[in-house]
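# A closer look at the structure
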Amino acid sequence: MAQDNKNKILELERREKELLSQLHELERKHAEMENWIQRLGEATSQITAGDYTAHLPDSPPEKIYQQVTSHMEQMQAKLGQYFSNLLLKDRLSSLGILASGIAHELNTPLTTIQFILHSDTHLPEDSKALLVGEVDRMSKITRDLLSFARPSTEEVFDLNKAIERAQPLVRTDNSRSVQIDFMLEKNPIHIKGVSNQIQQIIFNLIHNSLDATEKVKDARIEVKTTIRNDGVAILSISDNGEGIEKQNLQKILDPFFTTKSPGKGTGLGLFVVHQIIQKHDGVLAIESEKGKGTTVKVMFLCKNETTEKAA
Amino acid sequence: MAEILIIEDDIRLRAQIQKYLESKGHGVDFATDGKEGLESIQQIAYDVIVMDVKLPVMSGTEVLGEVAKTLPVHPPIIIITGHGDKDTAIKAVHFGAFDFIEKPFHPPTLDQSIQRAITEKKQDILAFKAYVSMPENKGLTEREKEVAFFAADGLSNEEIAERLSLGSETVKSHLKKIFKKLGVTNRVSLLSKLRK
């Protein structure tokens, strides 16, 4: 009997130990959980405050919470991208306003200088010609700066029509009568944005191609539009010109970078093109091989009803 | 050659344009704000008007609107503009401007536009001359009355300028306009006309 009781006590003691250790384990898990939730809270409050690089705590105590963090990480990345785009646009637009303001203010004194030079009789002819040329160069810069900062309204319009509207300007620019082939998508390509600015892109890119083919015998330029199955509109402008040096490819979008002769290029053409494309949430891709030619592709999200239905 | 009115608020550019056009044989008057410009357009028979878009008191586009509203016919108006106002300039042509020139430009561009205006708008220029010569369409502006008053008092341009806190160039321009409106050629005949 005594032995029986002794066994029971031993058994109860064993159970007690087991329960205690389970309790201990639960307490530990609870603490770990609390710690994890606290760190999560810290990270989300950082995100709320605008720090989209805040680090979300990894290795959650339970596997199920892994999903929570991974979804939150995706949200965080999207938010971060959205806000940095917004910030960039904001910065670009105030930069644009400043640049165009300066350019606008310079136009009057530049005109005054042209008049003074015109009536001057003391300067030697070659100095005078040089000065007139330099003032013309400054004028070109103000013109380029103003072209992308003009007040503008967004609308849905046909990319093909914008290309047609840019044609008279392109024709005046094409003084060497280079052959320009237009291969436009049959259906209208509706995109959302500022039609004038898209015309500016087309003009600037063709202008570059014309400059690049200056020394080429059978110069050819091809302007093409297509709609991809996923609803992306592609405008591509190719030439068989001199191409871009590999080491320059990274710099060509920088403002004032140019390899053209001083009187000719301002280094603002492609910069303006890039700014406009970014403003339109588009993508710019440049492929070029020295001595063979260049293809510039511009991609926009299509607002075509037909393609949206088909997709 | 032609009688030209320049409406431009930048004094340096205005002086250069004036010098250039005078060297081409034109007679040149100027106004420095939109309102003064409008009054001169309405009352003096100029052959051609050269006007900036961005002007104090009244913008160039407003002046064009008033010209269209108040005059049955008017001389050709050439708009000069900074690039940023290209859209405004195109609108100005719709409002009846003869031409627009974007700043910065070379002097001959302006001269060529003036020559074209004189040839192509000959009828308008003559019709407006006839309209302005009718006595009921003449009259001095308040500023011009003040200048005329002091001039009649025998004050020199510099003295008038000081009294009215104006530049002496501006006083000279006002006097030229007064002479034109009253049909006199010098101070002496202005005096006898005003005394009558």
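Quick caveat: nothing in here was measured; it's all calculated off a predicted structure.

### Concerning the overall build of chain A
If you tally the helices and strands in chain A, you get seven helices and seven strands. Along chain A, helices (α) and strands (β) appear in the sequence α-α-α-β-α-β-β-α-β-β-α-β-β-α when read from the amino end. Within chain A, counting contacts between residues at least 6 apart in sequence, those at least 24 apart form 70% of the total. As presented, chain A carries roughly 19,800 Å² of accessible surface, and 56% of it is formed by carbon and sulfur atoms.

### Points about a nonpolar patch on the surface
Residues A:L79, A:Y82, A:F83 and A:L86 make up a contiguous nonpolar surface patch of about 360 Å² in total accessible area. One can find A:Y82 in helix α2 (residues 64–119).

### Some thoughts on the nonpolar core
Counting residues in hydrophobic clusters, the biggest one holds 42 residues, and the most contacted among them are A:I198, A:I201, A:I202, A:L205, A:I206, A:L235 and A:V298. Among the elements of the structure, α2, α3 (125–147), α4 (159–173), α5 (195–212), β4 (220–227), β5 (232–239), α6 (269–279) and β7 (293–301) of chain A are those that each provide at least two residues to this core. Excluding its chain neighbours within four sequence positions, the residues that come into contact with A:I202 are A:A162, A:I163, A:A166, A:L235 and A:I237. The next biggest cluster of nonpolar side chains, apart from the first, holds 24 residues, and it includes B:I7, B:V63, B:L71 and B:V132.

### Description of the packing of α4(A) against α5(A)
All names here are of chain A. At a minimum axis separation of 9 Å, α4 and α5 run at an interaxial angle of 45°. Taken as axis vectors, α4 and α5 run oblique relative to one another. Along this stretch, α4 crosses α5, giving a crossing that reads as right-handed. In this structure, α4 uses L159, A162, I163, R165, A166, L169, V170 and D173 to contact α5, whose residues at the interface are S195, I198, Q199, I202, F203, I206, H207 and L210.

### Description of the confidence of the model for chain A
Of all residues in chain A, 92% have pLDDT values of 70 or greater, and the mean over the chain is 86. Taken as a whole, residues 306–311 of chain A scores under 50 in pLDDT and shows three contacts with residues more than four places along the chain or in a different chain.

### Focus: the sheet that holds strand β4 (residues 77–81) of chain B
All names here are of chain B. Strand order in the open sheet formed by five strands is β2-β1-β3-β4-β5, and the pairing between neighbours is parallel. Looking at which strands have only one partner, the edges of the open sheet turn out to be β2 (27–31) and β5 (99–102). Each adjacent strand pair in this sheet contributes to an overall mean axis angle of 20°, direction not counted. Sheet topology places strand β1 (residues 3–7) next to β2; five bridges connect them, and they run parallel. Paired with L5 across the two strands is D29, which belongs to β2. Across the sheet, helix α2 (residues 34–43) touches β1, β2 and β3 (48–52), and the angle it forms with β1 is around 160°.

### Concerning the pairing of β3(B)
Residue and element names in this part refer to chain B. Of all five residues making up β3, five are buried, and the element is well covered by its neighbours. Of the two faces of β3, the one lined by V48, V50 and D52 and the one lined by I49 and M51 are each fully buried. Pairing geometry for β1 and β3, over four bridges, is parallel. Its bridge partner being in β3, I6 is matched across the sheet by V50. Between β3 and its parallel partner β4, the chain crosses via helix α3 (residues 60–70), and the hand of that crossover is right-handed.

### Brief notes about the sheet that holds strand β2 (residues 179–183) of chain A
Residues and elements named next belong to chain A. Overall, mixed pairing links the five strands, which are arranged β2-β4-β5-β7-β6 in an open sheet. Either end of the sheet is taken by a strand with one partner, and the two such strands are β2 and β6 (283–289). Shown here is a sheet whose adjacent strand axes are inclined to one another by a mean of 10°, direction ignored. Note: β5 against β7, eight bridges, orientation antiparallel. Directly across from I237, in β7, lies its bridge partner V296. Across the sheet, α4 is in contact with β2, β4 and β5; its angle to β4 comes to roughly 160°. Contacting β2, β4, β5 and β7, α5 runs over the sheet at an angle of about 25° to β5.

Calculation rules
- Residues numbered from 1 in each chain as written.
- Chains lettered and ligands numbered in written order.
- Predicted model: local features only at pLDDT ≥ 70, side-chain atom pairs only at ≥ 80, totals over all residues.
- Heavy atoms only, no water.
- Helix = DSSP H or I, 4+ residues; strand = E, 2+ residues; numbered from the N terminus.
- Contact = heavy atoms within 4.5 Å.
- Areas by Shrake-Rupley, 256 points an atom, 1.4 Å probe, with all protein chains shown as cover.
- Patch = residues over 30% accessible without salt bridge, like charges linked within 9 Å, V, L, I, M, F, W, Y side chains within 5 Å.
- Salt bridge = Lys/Arg side-chain N within 4 Å of Asp/Glu carboxyl O.
- Core = buried A, V, L, I, M, F, W, Y, C linked by side-chain atoms within 4.5 Å.
- Buried < 20%, exposed > 50% of the residue type's maximum accessible area, 1.4 Å probe, protein only.
- Axes fitted to C-alpha atoms, helices over the stretch in contact; angles between N-to-C directions.
- Parallel < 35°, antiparallel > 145°, perpendicular 65-115°, else oblique.
- Left-handed = near helix turned anticlockwise from the far one by under 90°.
- pLDDT = per-residue confidence, 0-100.
- Pairing = 2+ DSSP bridges.
- Right-handed = clockwise from strand over helix to strand, strands pointing away.

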